[in-house]
Amino acid sequence: MADKGTYYLTTAIAYTSGKPHIGNTYEAVLADSIVRFKRQEGYDVRFQTGTDEHGQKIELKAEEAGITPKQFVDDVSGEIKSIWDLMNTSYDKFIRTTDDYHEKQVQKIFKKLYEQGDIYKGYYEGMYCTPCESFFTSSQLVDGKCPDCGRECQPAKEEAYFLKLSKYTDRLIEHINTHPEFIQPESRKNEMMNNFLLPGLQDLCVSRTSFKWGIPVDFDPDHVVYVWLDALSNYITGLGFDLDGNNTPENGEDLFAKFWPADLHLIGKDILRFHTIYWPIMLMALDLPLPKQIFGHPWLLQGDGKMSKSKGNVLYADDLVNMFGVDAVRYFVLHEMPFENDGVITWELMVERMNSDLANTLGNLVNRTISMTNKYLGGVAEDKGVTEDVDADLKALVLGAKDKVVAKMDKLRVADAITEVFTIFKRCNKYIDETEPWILGKDEAKKDRLSTVLYNLIESITIGASLLKSFMPETTEKILAQLNATERELDDMDKFGGYVSGTKVTDKPEILFMRLDVKEVLAKAEEIQAAQAEANGAPQEEEEVIDIEAKPEITFDDFMKLQFQVGEIIACEEVKKSKKLLCSQVKIGSEVKQIVSGIKQHYSAEEMVGKKVMVLVNLKPAKLAGVLSEGMLLCAEDAEGNLALMTPEKKMPTGAEIC
């Protein structure tokens, strides 16, 4: 494959205040999938991640733990690195902002900006958010709280140094306008321009005196460097950058000269302002090139409410991996995240994806292809050239997948790229149904046709597995090993026939993904949550009680007019152009009713299917968003507006009367 040049990607460095949850881990996995694909395309990749280790919050947490801040960050940084390793992230550099080299360069950067007049000394007075390490004016607060995290802010005043943001505002606006790719997605760019740049920037506080855990300002030791100037500099110090031009080489190479400017800063949307405004202005002041692109990805949210350690519902990567395996977790967080909108993760949805996409669509495909090859052909599939029209259709789809995946990945639409790969596996399953190898295997005269069919399947799976490598690397290795195939180069994925005809597949196929019972998984999840809550000292809370306004009394005759029955949802889909509605096909006895419900924010269409529910069946039909609804699903609602479908406590037949 031809050398396509260099590609430098960084994640935001994880803050060492505690163990990262699955939402934090998602960013590292997303970054890894992008750089792995860039390597497949032929780029010389540099992937940097790491930990942000200074600030008041760290100082306070270390004090609470009775250890030094350095001991505290050593422990947490080690835990973060172990989770990144667990998730098979192929980083080239894991930087820590307590690294000596980084600290010395930050001091030099601060001093240079001061000496050239871009940093000046003054006083800061405003509302301070300790968790965010940020000052805000009263007008910037939202309902009196931090606009970033929603926590309480405290009034604070202290001597500080400031970075002259206003000096570079016009230049940054011009850069953003002339480089439309600089901030992505487009909605994030509009947010930064309209909310911050166009209204005018206030100069940024870049030092603190109220705590000591930070990089000292070497010419004014009462001050420590504000965490953002410190943290953002890691993107260049991690390349060995030296302000005096004496860049530190790695393996004989000047990495800063080779890889800067970064091709992509991959960060969460909540820290977009720091990366798209403060960081570019710092670089302008240092007369360094700006990164080519900054992508603010959405959040991965807990499906049953905000993650809380005291509630015990925080999802951590290691717990999920113990339950589902590394690649299943990678698949889920990559596949379930929309391009711009937040994604949702629940134990139930994980089981659904595990069973349907991984165990059934992919795992079962590989297993039965190998099993049929062993059963009918002694494990050896040869391309006998006995073709039919259906073969051409399969080949066209498989060979067209590469360009579609490349196009999606070029736009960082990783979830869509994975969908394209799984289209190959779905088409292979359909091909099996169309060709019926089990019937061909009964007729000796059709043995050559059977061999061709199984060869086509193995070749298609080989290409699909090779395309899957960036997202599920261990699974790719397992599939290719069982097929006794070599990984297909990206440039060769538009050619059919690369699998050596006559190769023998394994005679002991391995189950790639086991189907899971959702009840068993939820029971284990409850144990994890209980242990988590206990470890974090969760109080024993009384069950929530909700009082609602009483409605007028009705008579028994009024009640008898209502017909309630048990229904089973046999199909469900989202109502187009609606943010709230799902349309379910509900089997009630021998009848099927179509019922539209406003529960899309609480249930996905996929997880609705198969549920036994309580239904008001004789409600007068009405149209909701233009879709006919012939009944009502009964739900309970808590004080926060969360809905739960009412389901029978015991096993009940479809159509049973609720009385």
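Reading the values: the criteria
Residues numbered from 1 in each chain as written. Predicted model: local features only at pLDDT ≥ 70, side-chain atom pairs only at ≥ 80, totals over all residues. Heavy atoms only, no water. Domains from an automatic or database assignment. Salt bridge = Lys/Arg side-chain N within 4 Å of Asp/Glu carboxyl O. Helix = DSSP H or I, 4+ residues; strand = E, 2+ residues; numbered from the N terminus. Buried < 20%, exposed > 50% of the residue type's maximum accessible area, 1.4 Å probe, protein only. Pairing = 2+ DSSP bridges. pLDDT = per-residue confidence, 0-100. Contact = heavy atoms within 4.5 Å. Core = buried A, V, L, I, M, F, W, Y, C linked by side-chain atoms within 4.5 Å. Disulfide = S-S within 2.5 Å. Axes fitted to C-alpha atoms, helices over the stretch in contact; angles between N-to-C directions. Parallel < 35°, antiparallel > 145°, perpendicular 65-115°, else oblique. Left-handed = near helix turned anticlockwise from the far one by under 90°. Nonpolar A, V, L, I, M, F, W, Y, C, P; charged D, E, K, R; others polar.

Enquirer: Please set out the domain arrangement of the chain residue by residue, giving values where relevant.
Expert: By domain assignment, the chain separates into domain 1 (344–546) and domain 2 (556–658). For domain 1 and domain 2, the distance between their C-alpha centroids amounts to 34 Å.

Enquirer: Describe the pattern of salt bridges, listing the residues and the values that go with them.
Expert: Across all of its chains, the model carries 38 salt bridges by this definition. Between Arg 353 and Asp 357 there is a salt bridge, with the nearest N and O atoms lying 3.9 Å from each other. Placement of the pair is Arg 353 and Asp 357 together in helix H13 (residues 347–377), with a separation of four residues, close to one helical turn. Summarising the burial analysis for this pair, Arg 353 and Asp 357 share the class buried. Shared partners join several salt bridges into a network, and the residues in it are Lys 402, Asp 403, Asp 492, Asp 494 and Lys 495.

Enquirer: A description of the pairing of strand S5 (residues 119–129) should follow, citing residues and the corresponding values.
Expert: Both S5 and strand S7 (residues 154–163) contribute to a ladder of ten bridges, which runs antiparallel. Looking at the pairing, Ile 119 lines up with Leu 163 of S7. Two elements, S5 and strand S6 (residues 134–136), share three bridges in a ladder whose sense is antiparallel. Bridging from a neighbouring strand, Cys 129 pairs with Ser 134 of S6. Hairpin connection between S5 and S6: a loop of four residues separates the two successive antiparallel strands, and Glu 133 in this loop has a positive phi of roughly 55°.

Enquirer: Tell me about the sheet that holds S5, and please be specific about residues and values.
Expert: If you trace the four strands from one edge of the open sheet to the other, you get S6-S5-S7-S9, paired in antiparallel fashion. One side of each edge strand has no neighbouring strand; the edge strands of this open sheet are S6 and strand S9 (204–205). The pairing of S7 with S9 spans two bridges and is antiparallel. Following the sheet pairing, Phe 162 is matched in S9 by Cys 205.

Enquirer: Explain the confidence of the model for the chain to me, and be specific about the residues and the numbers.
Expert: Looking at the chain as a whole, the pLDDT averages 92, with 96% of positions reaching at least 70. Of the regions scoring below 50 in pLDDT, residues 539–543 engages in zero contacts with residues more than four places distant in sequence or in other chains.

Enquirer: Can you tell me about the nonpolar core, naming the residues and giving the values?
Expert: Grouped together as the largest cluster of nonpolar side chains are 106 residues, with contacts concentrated most on Ile 22, Ile 34, Phe 324, Val 329, Val 333, Phe 471 and Phe 513. When residues in this core are grouped by element, the largest group, 14 residues, is from H13. Judged by nonpolar contacts, the second largest core, of 55 residues, contains Leu 201, Val 225, Leu 232 and Tyr 278.

Enquirer: Can you lay out the state of the cysteines for me, pointing to particular residues and giving the numbers?
Expert: Here the structure, examined in full by the defined rule, presents zero disulfides. Of all cysteine sulfurs, the one in Cys 572 lies closest to Cys 583, which takes part in no disulfide; the gap is 7.3 Å. The class of Cys 583 is buried, set by a relative accessible area of 6%.

Enquirer: A description of the pairing of strand S12 (residues 264–268) should follow, citing residues and the corresponding values.
Expert: Of all five residues in S12, five are buried; the element is thus mostly enclosed. Of the two faces of S12, the one lined by Leu 264, Leu 266 and Gly 268 and the one lined by His 265 and Ile 267 are each fully buried. In this sheet, S12 lies alongside strand S1 (residues 6–11) in parallel orientation, the contact comprising three bridges. In the strand pairing of S12, Leu 9 is matched with Leu 264. Examined bridge by bridge, S12 and strand S13 (residues 294–297) share four bridges and lie parallel to one another.

Enquirer: Please provide a residue-by-residue account of unusual backbone geometry, values included.
Expert: With an omega of -5°, the peptide bond running from Gln 184 to Pro 185 counts as cis. Along the chain, the position of Pro 185 falls in the loop between strand S8 (183–184) and helix H6 (186–197). Note that the residue after Trp 260, namely Pro 261, is joined by a cis bond; omega there is 10°. Here Pro 261 shows up in the loop between helix H9 (255–259) and S12. Even without being a glycine, Asn 484 presents a positive backbone phi close to 55°. Relative to the assigned elements, Asn 484 resides in the loop between helix H18 (473–483) and helix H19 (518–535). Overall, Asn 484 belongs to the partly exposed group, its relative accessible area being 48%.

Enquirer: If you had to explain the packing of H6 against helix H10 (residues 272–285) to someone new, which residues and values would you point to?
Expert: Direction vectors running N to C along H6 and H10 enclose 65°, while the axes themselves pass 11 Å from each other. Judged by the inter-axis angle, H6 sits roughly perpendicular to H10. Between H6 and H10 the crossing geometry is right-handed. Residues Arg 188, Met 192, Phe 196 and Leu 197 of H6 form the contact with H10, whose own contacting residues are Leu 272, Arg 273, Thr 276 and Ile 277. Residue composition of the contact of H6 with H10, grouped by class: five nonpolar, one polar and two charged.

Enquirer: Describe the packing of helix H14 (residues 389–410) against helix H15 (residues 414–435), naming the residues involved and giving the relevant values.
Expert: With their axes 8 Å apart at the nearest point, H14 and H15 run at an angle of 175° to one another. What the angle tells us is that H14 and H15 run roughly antiparallel. On H15, the residues that touch Val 390, Asp 391, Asp 393, Leu 394, Leu 397, Val 398, Ala 401, Lys 404, Val 405, Lys 408 and Met 409 of H14 are Val 414, Asp 416, Ala 417, Glu 420, Val 421, Thr 423, Ile 424, Arg 427, Cys 428, Tyr 431, Glu 434 and Thr 435. Considered class by class, the residues forming the contact of H14 with H15 number 13 nonpolar, two polar and eight charged.

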